[in-house]
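Okay, here's what each chain looks like letter by letter:
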Amino acid sequence: MMKSAIALLAGAALASAAAAQDPGSRQTREFVQKAGESDTFEIMESQSALAESRDPQVRAFAQAMIHDHTGTSQALRDATGRAGLKPPPMQVGAAQAPMLAALQSARGRDFDRTYWKQQALSHRSALTVAQQYAATGDTPAIRQTAAATVPLIQSHLEMAEQMSAKSGGS
(Lines give C-alpha, C1' and ligand atoms only; values in the text may rest on other atoms or scores of the structure.)
Protein backbone atom coordinates (compact mmCIF):
# COMPACT_ATOMS: atom_id res chain seq x y z
CA MET A 1 0.00 0.00 0.00
CA MET A 2 2.77 2.41 0.98
CA LYS A 3 4.75 1.56 -2.18
CA SER A 4 1.76 2.27 -4.42
CA ALA A 5 1.13 5.60 -2.65
CA ILE A 6 4.78 6.56 -3.13
CA ALA A 7 4.63 5.48 -6.76
CA LEU A 8 1.47 7.57 -7.24
CA LEU A 9 3.10 10.62 -5.68
CA ALA A 10 6.24 10.13 -7.76
CA GLY A 11 4.14 9.85 -10.91
CA ALA A 12 2.23 13.01 -10.05
CA ALA A 13 5.49 14.84 -9.38
CA LEU A 14 6.91 13.73 -12.73
CA ALA A 15 3.76 14.80 -14.56
CA SER A 16 3.85 18.13 -12.77
CA ALA A 17 7.52 18.62 -13.62
CA ALA A 18 6.87 17.72 -17.25
CA ALA A 19 4.02 20.24 -17.43
CA ALA A 20 6.23 22.88 -15.87
CA GLN A 21 8.83 22.23 -18.57
CA ASP A 22 6.41 22.84 -21.44
CA PRO A 23 7.45 26.06 -23.15
CA GLY A 24 5.24 29.13 -22.93
CA SER A 25 3.16 30.52 -20.13
CA ARG A 26 0.12 28.74 -18.79
CA GLN A 27 -2.06 31.43 -20.40
CA THR A 28 -0.50 30.76 -23.81
CA ARG A 29 -0.67 26.98 -23.51
CA GLU A 30 -4.35 27.18 -22.50
CA PHE A 31 -5.16 29.51 -25.39
CA VAL A 32 -3.38 27.27 -27.92
CA GLN A 33 -5.23 24.23 -26.60
CA LYS A 34 -8.64 25.94 -26.64
CA ALA A 35 -8.09 27.39 -30.10
CA GLY A 36 -6.96 24.03 -31.49
CA GLU A 37 -9.93 22.25 -29.96
CA SER A 38 -12.31 24.90 -31.26
CA ASP A 39 -10.99 24.64 -34.82
CA THR A 40 -11.19 20.85 -34.71
CA PHE A 41 -14.76 20.99 -33.39
CA GLU A 42 -15.84 23.44 -36.11
CA ILE A 43 -14.27 21.26 -38.81
CA MET A 44 -15.76 18.00 -37.50
CA GLU A 45 -19.23 19.49 -37.06
CA SER A 46 -19.06 20.91 -40.56
CA GLN A 47 -17.96 17.59 -42.05
CA SER A 48 -21.00 16.07 -40.37
CA ALA A 49 -23.16 18.84 -41.85
CA LEU A 50 -21.89 18.08 -45.35
CA ALA A 51 -22.71 14.41 -44.84
CA GLU A 52 -26.17 14.90 -43.30
CA SER A 53 -27.74 18.20 -44.34
CA ARG A 54 -29.52 18.89 -47.61
CA ASP A 55 -30.04 22.59 -46.79
CA PRO A 56 -27.94 24.66 -49.21
CA GLN A 57 -27.26 27.34 -46.55
CA VAL A 58 -26.06 24.78 -44.02
CA ARG A 59 -23.87 23.14 -46.65
CA ALA A 60 -22.38 26.45 -47.84
CA PHE A 61 -21.65 27.53 -44.26
CA ALA A 62 -20.13 24.12 -43.46
CA GLN A 63 -17.82 24.33 -46.48
CA ALA A 64 -16.73 27.82 -45.41
CA MET A 65 -16.13 26.58 -41.83
CA ILE A 66 -13.91 23.74 -43.04
CA HIS A 67 -11.94 26.12 -45.25
CA ASP A 68 -11.65 28.93 -42.71
CA HIS A 69 -10.89 26.77 -39.66
CA THR A 70 -8.33 24.74 -41.58
CA GLY A 71 -6.66 28.10 -42.31
CA THR A 72 -6.83 29.34 -38.71
CA SER A 73 -5.44 25.99 -37.51
CA GLN A 74 -2.51 26.32 -39.88
CA ALA A 75 -1.90 29.93 -38.79
CA LEU A 76 -1.86 28.82 -35.15
CA ARG A 77 0.51 25.93 -35.92
CA ASP A 78 2.81 28.38 -37.75
CA ALA A 79 2.68 30.83 -34.83
CA THR A 80 3.46 28.16 -32.25
CA GLY A 81 6.40 27.05 -34.39
CA ARG A 82 7.76 30.62 -34.57
CA ALA A 83 7.33 30.96 -30.80
CA GLY A 84 9.02 27.63 -30.04
CA LEU A 85 5.85 26.15 -28.53
CA LYS A 86 4.04 22.86 -28.95
CA PRO A 87 1.48 22.95 -31.76
CA PRO A 88 -2.22 22.96 -30.87
CA PRO A 89 -3.89 19.61 -30.27
CA MET A 90 -6.09 18.70 -33.18
CA GLN A 91 -8.81 17.08 -31.10
CA VAL A 92 -12.24 17.94 -29.82
CA GLY A 93 -12.32 19.10 -26.21
CA ALA A 94 -14.13 17.24 -23.46
CA ALA A 95 -16.89 19.86 -23.31
CA GLN A 96 -17.39 19.72 -27.08
CA ALA A 97 -17.54 15.93 -27.50
CA PRO A 98 -21.14 15.58 -26.23
CA MET A 99 -22.23 18.41 -28.54
CA LEU A 100 -20.65 16.70 -31.53
CA ALA A 101 -22.29 13.39 -30.57
CA ALA A 102 -25.69 15.10 -30.21
CA LEU A 103 -25.34 16.68 -33.64
CA GLN A 104 -24.28 13.43 -35.25
CA SER A 105 -27.35 11.66 -33.87
CA ALA A 106 -29.76 14.32 -35.18
CA ARG A 107 -31.51 14.04 -38.55
CA GLY A 108 -33.30 16.31 -41.02
CA ARG A 109 -34.47 19.72 -39.86
CA ASP A 110 -33.50 18.86 -36.28
CA PHE A 111 -29.93 18.36 -37.51
CA ASP A 112 -29.91 21.78 -39.20
CA ARG A 113 -31.36 23.56 -36.13
CA THR A 114 -28.86 21.82 -33.86
CA TYR A 115 -25.98 22.69 -36.19
CA TRP A 116 -26.86 26.39 -36.28
CA LYS A 117 -27.39 26.55 -32.52
CA GLN A 118 -24.11 24.78 -31.77
CA GLN A 119 -22.22 26.90 -34.28
CA ALA A 120 -23.49 30.05 -32.59
CA LEU A 121 -22.52 28.72 -29.15
CA SER A 122 -19.09 27.52 -30.18
CA HIS A 123 -18.25 30.70 -32.11
CA ARG A 124 -19.39 32.85 -29.19
CA SER A 125 -17.00 30.94 -26.93
CA ALA A 126 -14.16 31.02 -29.50
CA LEU A 127 -14.62 34.77 -29.95
CA THR A 128 -14.32 35.41 -26.22
CA VAL A 129 -11.16 33.28 -25.98
CA ALA A 130 -9.54 34.93 -29.02
CA GLN A 131 -10.43 38.47 -27.92
CA GLN A 132 -9.09 37.85 -24.43
CA TYR A 133 -5.77 36.49 -25.65
CA ALA A 134 -5.45 39.16 -28.34
CA ALA A 135 -5.84 41.79 -25.61
CA THR A 136 -3.70 40.25 -22.86
CA GLY A 137 -1.65 37.43 -24.35
CA ASP A 138 2.03 37.30 -23.47
CA THR A 139 3.46 35.60 -26.57
CA PRO A 140 3.61 38.09 -29.48
CA ALA A 141 3.30 35.57 -32.37
CA ILE A 142 0.32 33.88 -30.73
CA ARG A 143 -1.24 37.19 -29.75
CA GLN A 144 -1.03 38.44 -33.36
CA THR A 145 -2.61 35.23 -34.61
CA ALA A 146 -5.43 35.53 -32.07
CA ALA A 147 -6.05 39.15 -33.09
CA ALA A 148 -6.10 38.20 -36.77
CA THR A 149 -8.78 35.55 -36.17
CA VAL A 150 -11.16 37.82 -34.24
CA PRO A 151 -12.88 39.40 -37.31
CA LEU A 152 -13.31 36.01 -38.96
CA ILE A 153 -14.80 34.42 -35.83
CA GLN A 154 -17.07 37.47 -35.41
CA SER A 155 -18.41 37.09 -38.94
CA HIS A 156 -18.99 33.35 -38.40
CA LEU A 157 -20.83 34.10 -35.16
CA GLU A 158 -23.08 36.71 -36.76
CA MET A 159 -24.09 34.37 -39.56
CA ALA A 160 -24.64 31.40 -37.21
CA GLU A 161 -26.78 33.53 -34.85
CA GLN A 162 -28.90 34.82 -37.75
CA MET A 163 -29.43 31.34 -39.13
CA SER A 164 -30.09 29.87 -35.69
CA ALA A 165 -32.79 32.47 -35.05
CA LYS A 166 -34.25 31.93 -38.53
CA SER A 167 -34.38 28.15 -38.07
CA GLY A 168 -35.93 28.40 -34.61
CA GLY A 169 -32.82 27.06 -32.86
CA SER A 170 -31.91 30.07 -30.72
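Here, the structure is the one placed above.
Residues numbered from 1 in each chain as written. Predicted model: local features only at pLDDT ≥ 70, side-chain atom pairs only at ≥ 80, totals over all residues. Heavy atoms only, no water.

Novice: I'm lost on the pattern of salt bridges in this one. Help?
Specialist: Summed over all chains, the structure comprises three salt bridges. Of the charged contacts, one joins Arg26 and Glu30 as a salt bridge, the two residues approaching to 2.8 Å between their closest N and O atoms. Of this pair, Arg26 and Glu30 are both found in helix H2 (residues 26–52), four residues apart, which corresponds to roughly one turn of the helix. We classify Arg26 as exposed; its relative accessible area is 60%. Owing to a relative accessible area of 36%, Glu30 belongs among the partly exposed residues under this scheme. Between Glu52 and Arg107 there is a salt bridge; the shortest N-O distance is 3.6 Å. Of the two residues, Glu52 sits in helix H2 while Arg107 sits in the loop between helix H4 (97–105) and helix H5 (108–136), which places them 55 residues apart along the sequence. (Salt bridge = Lys/Arg side-chain N within 4 Å of Asp/Glu carboxyl O. Helix = DSSP H or I, 4+ residues; strand = E, 2+ residues; numbered from the N terminus. Buried < 20%, exposed > 50% of the residue type's maximum accessible area, 1.4 Å probe, protein only.)

Novice: Can you walk me through the packing of aromatic side chains in this structure?
Specialist: Note on aromatic pairs: each is described by the distance of the centres and the angle between the planes. A complete count under the given rule lists five aromatic pairs for this structure. Plain terms: the ring middles of Phe31 and Tyr133 are 4.7 Å apart, the flat faces sit at 15° to each other, and that makes the pair stacked. Of the two residues, Phe31 sits in helix H2 while Tyr133 sits in helix H5, which places them 102 residues apart along the sequence. Grouping residues by exposure puts Phe31 and Tyr133 together as buried. Centroid distance Phe61 to Tyr115: 6.2 Å. Interplanar angle 75°. Geometry classified as edge-to-face. Taken together, the positions of Phe61 in helix H3 (residues 56–83) and Tyr115 in helix H5 put the pair 54 residues apart, joining distant regions of the chain. The pair formed by Phe61 and Tyr115 is uniform in burial state, with each residue classed as buried. (Phe/Tyr/Trp six-rings, centres within 6.5 Å; stacked < 30°, edge-to-face > 60°.)

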